[in-house]
Amino acid sequence: MVYEYRRSIRLAKKAYASAPDIKEDPNSIERTIISEMLNDMNFALSWIHCGFNPYHKRGAYRRSEVQFMDPDLMDAIELESEPQESRELSDMERIDIKIALSKLTERETDIYVMHHAEMLPLDEIAELLGVKKSTVATTIRRAQKKINKAIGGRS
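Residues numbered from 1 in each chain as written. Predicted model: local features only at pLDDT ≥ 70, side-chain atom pairs only at ≥ 80, totals over all residues. Heavy atoms only, no water.

Enquirer: How would you sum up the environment of Glu4? Please name residues and give values.
Expert: Relative to the elements of secondary structure, Glu4 occurs in helix H1 (residues 2-18). Taking C-alpha positions, Glu4 is 9.2 Å from Leu129, a pair spaced 125 residues apart along the chain. (Helix = DSSP H or I, 4+ residues; strand = E, 2+ residues; numbered from the N terminus.)

Enquirer: So what about the nonpolar core? Which residues, and what values?
Expert: Note on soluble globular proteins: their nonpolar side chains tend to be buried together. Membership of the largest hydrophobic core is limited to 12 residues, which are Tyr3, Ile111, Val113, Met114, Ala117, Leu120, Ile125, Ala126, Leu128, Leu129, Val136 and Ile140. Mapped by element, the contributors of at least two residues to this core are helix H6 (106-116), helix H7 (122-129) and helix H8 (133-150). In terms of residues, this core owes the most to one element, H7, which gives 4 residues. What Val136 contacts, discounting residues up to four positions off in sequence, is Ile111, Leu122, Ile125, Ala126 and Val131. (Core = buried A, V, L, I, M, F, W, Y, C linked by side-chain atoms within 4.5 Å. Buried < 20%, exposed > 50% of the residue type's maximum accessible area, 1.4 Å probe, protein only. Contact = heavy atoms within 4.5 Å.)

Enquirer: Break down unusual backbone geometry for me, citing the residues and quoting the values.
Expert: One non-glycine residue with positive phi stands out, namely Met119, at about 55 degrees. Tracing the sequence through the fold places Met119 in the loop between H6 and H7. Classification of Met119 by relative accessible area gives exposed; the value is 57%.

Enquirer: Tell me what's going on with a nonpolar patch on the surface, and back it up with residues and numbers.
Expert: Residues Ile29, Ile33 and Met37 make up a contiguous nonpolar surface patch of roughly 280 Å² in combined accessible area. As for its position among the elements, Met37 is in helix H2 (residues 30-50). When its relative accessible area of 41% is taken as the criterion, Met37 is described as partly exposed. (Patch = residues over 30% accessible without salt bridge, like charges linked within 9 Å, V, L, I, M, F, W, Y side chains within 5 Å. Areas by Shrake-Rupley, 256 points an atom, 1.4 Å probe, with all protein chains shown as cover. Salt bridge = Lys/Arg side-chain N within 4 Å of Asp/Glu carboxyl O.)

Enquirer: Can you break down H8 residue by residue, with the values?
Expert: Here H8 is 18 residues long and its end C-alpha atoms lie 26 Å apart, about the 26 Å a rise of 1.5 Å per residue gives. Every buried residue belonging to H8 is among Val136, Ala137, Thr139, Ile140, Ala143, Gln144, Ile147 and Asn148, and all of these are buried. The buried residues of H8 all sit within an arc of 165 degrees when viewed along its axis, so they share a single face. Summarising the geometry of H8, the exposed residues directed more than 90 degrees from the buried face are Arg141, Lys145 and Lys149. Buried residues in H8 make contact with helix H5 (91-102), H6 and H7. Where H8 terminates, the next one or two residues include Gly152, which has phi positive at roughly 140 degrees. (Expected span 1.5 Å × (residues − 1). Arc of directions from axis to C-beta.)

In structure tokens, the structure reads:
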């Protein structure tokens, strides 16, 4: 769902850029509508990322440990490239995964999770993001190197 929101945001930004400005056409409200759509989509994306309303001002909400992370998704992420037998992750391993994933850029995290956790093939990821398959493969290799470095210097 996050990927669809990001793609929709990109498309809305293109539509906003091509919409007539109010100065050019006083009867046109397209830019206003598209701008409101962009704000709503960015808000929803922020909510999805943090797992709660991102605009809460109370300290309890800001400091809370609430994370939007599917436990089944975290179990599917493997720290090493060779297959391992399926087992439940310990709390410490989950923390290591979160720390390792925090070292990645947003794009690297998206691609890495799509490939390793959601088991999407490279060509499908490339199509979703509008990039070449080789770009996806390079990003996954780069992300894997960063993760290996973060979890103990493995290359």
